Amino acid sequence: MRRGESARVTVPSVPGVLSPEQSLATGRAIARMQEPSGAVPWFPGGHIDPWDHIESAMALTVIGLREEADAAFEWSRRTQRADGSWPIQFRGDIVENHDTDSNFTAYIAVGVWHHHLVTGDRGFVEHMWPTVRAALDLVVDMQLPGGQISWARGDGGMFDEALLTGCSSIHQSLWCGLRIADLIGEAQPEWEVALIRLGHALRRHPEAFTPKPEYSMDWYYPILGGAVRGTDAHERIRERWSDFVVDGLGIRCVDHRPWVTGAETCELVLALDALGHAGRARELFAAMQHLRDPDGSYWTGLVYADGKRWPVEVSSWTSAAVILAADALSRTTGGNAIFRDAAAPADQVGADRCTERCPVLVR
C-alpha cells in the first residue's frame, strides 16, 4: 500500500471512459509532483499558485491520499500571511509575486468544505477555520461598491477592476465558507451579505466586470460557481456552445484559437453536470481523454490544427480537474456535489431585481 492511501478507498470511475485504476494513477501522478513542503506546483519544477494548489489538494482528498492532501492544506495554513492572503506566485520557498489575488485567497474555503464532505473530519475543519476566516474576511474587504470584488491588491493598493471568472469562483468560496461557519457555530453575516451582493452583480450586471468574452471560462464559470442556474444558465450554454466546443476533442480555452485544454473541458463538464446535462457532460469528459499520458497524468492542451500538445507539460491542475469531474459524474465521494450544490438560494435569486437604489446603477 502506498503512502497516504487507506486500505479501503473507493475512487471515482466513469465506465467506458476512466477506470478506478486509471483514476488512482492520476491521483498518484499529482502526488509525485508534490514538493516536500506539501506544495503542489503546476508541474515538476514549476511555480505554485494558491488556487491550483488547493484544486490539487481536493483531488488528492477524493482519491484517498489523505496524508498528501493534508500536507497540501498544511502548506496553505503555514504560508498564509497575517492579513489572510497568499502571494500570487511561489517557486519552491521563494515568493515570485507578492500581490494578492482575491480569488486565489478565497478558494481555501472550497477546499476545506470539500475535505469535510469527503472525509467527515470535523477536527480538520476546526484546525483550518482560522485560515478560512482570515482569508474570506480579506476577500469581503475587497468588495467594490457595486458588489463585484476587486481581482487583486498590490503595493499601490486595490485594483478598481473585477473579473467575471474570478468573482464567479469567489461566489462558490463564500457559499462554502458559510457552510463551514455553520458547522463551527460562528455566524458570519458579513459574508452572507457579500455573497448576495456579488451574486446580484454576476447575474444582473455583466458590465461591472472587465469583458473577456473570448475566454471560455467567462462563459461557464458563472454557472460553475453557482451564481447563474436555471433557464438563464441553459440559455448561456446554448448561446456559445459552437464558439467553444470542438467535437471529439474538448473545448477551446480561447474562442478564436485552435487550442483545446483539458482543465477547461472538465470544468465545463462540472457545470453541465450541475445543470443536469449528464449526457453532454459525459461526452465531453470522454472527448478530452486524448490528453491522458500513460503514467496517469494529463497534458494541458492540444493545438489541434497541427496535432501538437501545448504547452509541453503535464499539469497538476489538469489532472485534478479530471478527478473532480469523474467524482461528480460518478457520484462517488461525499464531495461529488460541491459544484452542483453551490447554487444561490432561490429566494435570493428571485428577489434580486434592480431598483433605482441598485449600487451598480447609481455609482
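Residues numbered from 1 in each chain as written. Predicted model: local features only at pLDDT ≥ 70, side-chain atom pairs only at ≥ 80, totals over all residues. Heavy atoms only, no water.

In the annotation of an unreviewed UniProt entry, the chain is listed under the name Prenyltransferase and assigned to Rhodococcus pyridinivorans.

Asker: When you look at the sheet that holds strand E9 (residues 308-309) in this model, what are you seeing that I'm missing?
Answerer: The pairing of strands in a sheet happens through backbone hydrogen bonds and is either parallel or antiparallel. Read from one edge of the open sheet, 5 strands run E5-E6-E7-E8-E9, paired in antiparallel fashion. Each of the sheet's edge strands pairs with one partner strand only, and the pair in question is strand E5 (245-246) and E9. Summarising the sheet, strand E8 (residues 301-303) and E9 pair through 2 bridges and their orientation is antiparallel. Among the inter-strand pairings, Leu302 is bridged to a residue of E9, identified as Arg309. Sheet contacts for helix H11 (residues 262-274): E5, strand E6 (250-252) and strand E7 (259-261); angle to E7, the most-contacted strand, approximately 60°. (Pairing = 2+ DSSP bridges. Helix = DSSP H or I, 4+ residues; strand = E, 2+ residues; numbered from the N terminus. Contact = heavy atoms within 4.5 Å. Axes fitted to C-alpha atoms, helices over the stretch in contact; angles between N-to-C directions.)

Asker: It is not clear to me how empty space enclosed by the protein should be interpreted in this structure. Could you clarify?
Answerer: The method is simple in principle: a probe with the dimensions of a water molecule rolls over the atoms, and the space it marks as empty is what remains. Applying the stated rule across the entire model yields 2 cavities of 30 Å³ or more. For the largest cavity, the full set of lining residues is Trp51, Glu55, Tyr107, Tyr221, Leu224, Glu267, Leu270, Leu324 and Phe339. Secondary-structure elements contributing two or more residues to the lining of the largest cavity are helix H2 (50-63), helix H9 (216-224) and H11. Residue classes in the lining of the largest cavity are distributed as 7 nonpolar, no polar and 2 charged. The volume enclosed by the second largest cavity comes to roughly 30 Å³. Split by residue class, the lining of the second largest cavity holds 5 nonpolar, 1 polar and no charged. (1 Å grid on protein atoms, 1.4 Å probe; cavity = no way out; pocket = protein on both sides within 12 Å on 5 of 7 lines; lining within 4 Å. Points joined across faces, edges and corners; volume = space filled by probe spheres on them. Nonpolar A, V, L, I, M, F, W, Y, C, P; charged D, E, K, R; others polar.)

Asker: When you look at the layout of surface pockets in this model, what are you seeing that I'm missing?
Answerer: Within this model, the largest pocket holds a volume of roughly 850 Å³. Lining the largest pocket are 37 residues, with Asp52, Asn103, Phe104, Thr165 and Met217 sitting closest to its centre. Sorting the residues of the lining of the largest pocket by element identifies H2, strand E1 (87-91), helix H4 (102-106), helix H7 (164-184), H9, E7 and H11 as the ones contributing at least two each. It is H7 that provides the largest number of residues to the lining of the largest pocket, a total of 6 residues. Its residues assigned to classes, the lining of the largest pocket shows 18 nonpolar, 10 polar and 9 charged.

Asker: Looking at this model, I keep getting lost on the state of the cysteines. Mind explaining?
Answerer: Note on terminology: a disulfide is the covalent bond linking the sulfur atoms of two cysteines. Evaluation of the coordinates by the stated rule reveals 0 disulfides. In this structure Cys253 is a free cysteine whose sulfur lies 14 Å from that of Cys266, the closest cysteine sulfur available. Overall, Cys253 belongs to the buried group, its relative accessible area being 9%. (Disulfide = S-S within 2.5 Å. Buried < 20%, exposed > 50% of the residue type's maximum accessible area, 1.4 Å probe, protein only.)

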